[in-house]
Amino acid sequence: MEYGKIKEVSFYSKALDEDMQLLIHLPHNYSELYKYSILIASDGKDYFQYGRIGRVIDELIQAQEIENVIVVGVPYKSVSERRRLYHPEGDRHEAYLRFLARELVPYMDENYPTYQVGAGRGLIGDSLAATISLLAAAKYPNTFGKVLLQSPYVDNSVLEAVKAVQDPSRFSIYQVIGDGETTVKTADNEIKDFLTPNRELKKLVEIKGFPYFYEEFKGDHTWKYWQPDVRRAISMVYGE
C-alpha cells in the first residue's frame, strides 16, 4: 500500500488578516500530469488525526474506487476561535466564508492541477465545521459543488440560508446525524438537540430538490461514529 504526503503551508488571508495553516494532502499518485478534485476540510487537523482522511483517500484511489482528490485541511487555532469562525453568529464568520471561496480556492487553482469548476470542489466538516461548509456552498454555489456534512449544527439562520439558494442543482449534499444527538454538550457548555433541527433541514433540502443523501446512524456526537463514516461519504461522493 502506497500513501501520499501532507504538506504544511502557511497562507496569509487578507479576509481574516492573519496567517492560516493549511494541511494539504497529496495522494500517492500525485502528478502535475493529472487533474484533481479538491476537498476542503474545516476542523482540518481533526479530519487527518481522528478521521484518518488522508489514509482513506489513498486507499480508495489505489483501489480505483474514487477519482483523484486533494484534501485541504484548515485547522482551528482554539475552541473559542473556532466558534468565531464557524458559528452563524460568530463575528468572523463572514470573513471565513470569504477566505474559503475567494482566497483558498484561487490558491489551490494556481498551485495545483485542479478542476477549476464547482463540481470539482467539495467541503467536509463535523458539527460546526459542517455548518460552515454548508453555508459556504449556499453563499457560493458556483464555487462549491459538493458538501459532506457530519452532524451539522443547524439553526434558523442555517435553514434560511439553504432556503435562499436559487438553483439547488448547483451542489449536492451528503448529511448524516446520530439518533442519539438529542443532548449534545457544546463548546460553550450548553446542551442542545442536534437531531430535530437536522430533520428539519432534511425536509427543506428535499423540498428544494438538492441532489441529496441523508442517514441517521446509531450513535452520538463523536468521532467514534464520524470516523468510519468518512470512508463511505468519500466513496459515495467521489466514487468512480
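Residues numbered from 1 in each chain as written. Predicted model: local features only at pLDDT ≥ 70, side-chain atom pairs only at ≥ 80, totals over all residues. Heavy atoms only, no water.

Participant: Can you walk me through the pairing of strand β6 (residues 146-150) in this structure?
Facilitator: For a regular strand, side-chain orientation follows a simple rule: the groups alternate between the two sheet faces. Counting buried positions along β6 gives five out of five residues, so the element sits mostly inside the fold. A two-sided burial pattern is seen for β6, the buried positions comprising Lys146, Leu148 and Gln150 on one face and Val147 and Leu149 on the other. Two elements, strand β5 (residues 121-126) and β6, share five bridges in a ladder whose sense is parallel. Looking across to β6, one finds that Asp126 is bridged to Gln150. The parallel pair β5 and β6, bridged by helix α5 (residues 128-139), forms a crossover whose chirality is right-handed. Remark: the β6/helix α6 (residues 156-163)/strand β7 (residues 172-178) crossover connection has right-handed handedness. (Buried < 20%, exposed > 50% of the residue type's maximum accessible area, 1.4 Å probe, protein only. Helix = DSSP H or I, 4+ residues; strand = E, 2+ residues; numbered from the N terminus. Pairing = 2+ DSSP bridges. Right-handed = clockwise from strand over helix to strand, strands pointing away.)

Participant: Got a minute to help me understand the environment of Ala137 in this structure?
Facilitator: Structurally, Ala137 is set in helix α5. Separated by 53 residues in the primary sequence, Ala137 and Arg84 have C-alpha atoms spaced 19 Å apart. Sequence-distant contacts of Ala137, defined by excluding residues within four places in its chain, comprise Leu123, Phe144, Val147 and Phe171. (Contact = heavy atoms within 4.5 Å.)

Participant: Please explain the sheet that holds β6 as it appears in this structure.
Facilitator: Either a parallel or an antiparallel arrangement is found when strands of a sheet pair, and the pairing is made through backbone hydrogen bonds. The mixed open sheet is built from eight strands, whose spatial order is β1-β2-β4-β3-β5-β6-β7-β10. With one partner strand each, in any of the chains shown, β1 (5-13) and β10 (212-217) form the two edges of the open sheet. Direction aside, neighbouring strands of the sheet carry axes that sit 15 degrees apart on average. Note that β6 and β7 share five bridges and pair parallel. Along β7, the bridge assignment pairs Lys146 with Ser172. Contacting β2 (18-26), β3 (37-42), β4 (69-74) and β5, helix α2 (residues 53-62) crosses the sheet at an angle of about 175 degrees to β4. (Axes fitted to C-alpha atoms, helices over the stretch in contact; angles between N-to-C directions.)

Participant: For this particular structure, what's the right way to read the packing of aromatic side chains?
Facilitator: The relative placement of two aromatic rings is captured by the distance of their centres and the angle of their planes. Under the criterion given, the structure shown has 14 aromatic pairs. Centroid distance Phe171 to Phe210: 5.0 Å. Interplanar angle 50 degrees. Geometry classified as tilted. Here Phe171 is found in the loop between α6 and β7, whereas its partner Phe210 is found in the loop between α7 (195-208) and β10, with 39 residues between them in sequence. The exposure classification of Phe171 matches that of Phe210, with both residues buried. Through a chain of ring-to-ring contacts, the aromatic side chains of Phe11, Tyr86, Tyr96, Phe99 and Tyr107 assemble into a single cluster. The residue whose ring lies beneath Arg55 is Tyr3, and the NZ or CZ to ring-centre distance is 4.5 Å. Positioned above the aromatic ring of Tyr76 is the side chain of Arg82, whose terminal nitrogen or guanidinium carbon lies 5.5 Å from the ring centre. (Phe/Tyr/Trp six-rings, centres within 6.5 Å; stacked < 30°, edge-to-face > 60°. Lys NZ or Arg CZ within 6 Å of the ring centre and 35° of its normal.)

These figures come from the coordinates and say nothing about function on their own.
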